[in-house]
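# What the coordinates show
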Amino acid sequence: MPRPAVLRPAPVRTAPFLSALAATALLLTACGTERAGAGNAGAGTAESPSPTQVHDPGKDGVRITALTLPSASPSPTRSYSVSAESLARDSGIVAAYEVTNKGTETLTYSVIITFMSADGGAMANQTATVRDVGPGKTVRGTVRAGELPPTTPRVTQAKVLEVTKVPSSEAPAAPGTCPASGIRVSADKGDAAMGLRIVGLHLDNCGTRDYTIDGYPLLELLDVDLKHVDGIKILDGSHEITTGAGADESPRPVTLGPGESATAGLVWRNTTEFGTPVNVPYVRVRAKAGADPVIVTPNLDLGTTGKLGVRPWEKAER
């Protein structure tokens, strides 16, 4: 009696299928975006870069203490298309800093940190605001270089570029906060063209009651030590400075309801002729007589003109 044949499962034909997958992967790679080091990425393989200690003498009580740099990336692969990933992306570069108040009153600091390449070229500037540093106290923090285009030279160093500091009781309010007075005063970064400078002053009614102003903001010019600066004539209006920036509004009472804003302006020329140029880093601003003072930092480079024009308050358009 013949023995029955043993039934065996048919072989699984996987090789062509796997080959097709491999070919598809190769095609996707060839048509993908430019990416540095993508082939080395994997779960559990990436290591966080360690900060490198920096011996920085610093400036005005502020110094860089450490710099975290990502590992150097291999050359990117050839790309045939462009996507958002191939444009600017977060660099992963972080500078650690410390602020030491050597004065006798509580200060708020604004610090500009510049990230540089090996040849000293500035690749990015970032600003950190450090509030309420008490006398003799040290506060530490970090600031990121942020997004950098992929063609940016490699950052290798960082330094403190500029430090401004004002008494915390007269510092501009933090974004999103409202002082007890119910009004928030600030200055913008301004505009400069052909030696003409214009910086806007902004007044926001962040309180719950109407607030009325009339005419011009009241100003006091201050030097680097926050001392009064003499010899500068503060003019009502800007017509003695320039006629090319538009006519001034006539001064009039302006009432701001909650949530409304007003603007004024500082106008000057950076003209240097005979004499010693005058630089005024700080301006103490009062929205009107009796208002709480706020110190802003417009950095007035007045040259030898001896004049600063002030535009009146006017209601801002919503």
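Heads up: the structure comes first, above all this text.
Residues numbered from 1 in each chain as written. Predicted model: local features only at pLDDT ≥ 70, side-chain atom pairs only at ≥ 80, totals over all residues. Heavy atoms only, no water.

## Some details on the nonpolar core
In terms of nonpolar packing, the biggest core is built from 29 residues, with Leu203, Leu266, Leu300 and Leu308 touching the most fellow members. Here the element with the most residues in this core is strand β17 (residues 261-269); it accounts for four residues. Ignoring sequence-local partners within four residues, the contact set of Leu203 consists of Ile183, Arg184, Val185, Tyr211, Ile213, Leu256, Glu260, Ser261, Ala262, Ala287 and Trp313. One finds Val62, Tyr97, Phe115 and Leu148 within the second-largest nonpolar core, a separate group that totals 23 residues. (Core = buried A, V, L, I, M, F, W, Y, C linked by side-chain atoms within 4.5 Å. Buried < 20%, exposed > 50% of the residue type's maximum accessible area, 1.4 Å probe, protein only. Helix = DSSP H or I, 4+ residues; strand = E, 2+ residues; numbered from the N terminus. Contact = heavy atoms within 4.5 Å.)

## Remarks on the sheet that holds strand β4 (residues 94-100)
With antiparallel pairing, four strands are arranged side by side in an open sheet as β1-β2-β4-β7. For this open sheet the edge positions go to β1 (52-53) and β7 (138-144), each flanked by a neighbour on one side alone. Here two bridges tie β1 to strand β2 (residues 62-68), and the two strands are oriented antiparallel to one another. When the bridges of β2 are listed, Gln53 appears paired with Ala66. (Pairing = 2+ DSSP bridges.)

## Remarks on unusual backbone geometry
A negative phi holds for most residues other than glycine; trans holds for most peptide bonds. Of note, the phi angle at Leu226 is positive, near 60 degrees, even though the residue is not glycine. Locating Leu226 in the fold gives a position in the loop between β14 (218-222) and β15 (233-236). The phi dihedral of Asn299 falls on the positive side, at around 50 degrees, and the residue is not glycine. Looking at the element boundaries, Asn299 is found in the loop between β20 (294-296) and β21 (300-303).

## Some thoughts on the environment of Val280
Tracing the chain through its elements places Val280 in strand β18 (residues 278-280). Looking at Val280, the relative accessible area reads 1%, which means it is buried. Between the alpha carbons of Val280 and Leu302 there is a distance of 7.5 Å; along the sequence they are 22 residues apart. Filtering out sequence-adjacent residues up to four positions away, Val280 remains in contact with Leu221, Leu222, Val229, Asn299, Leu300 and Leu302.

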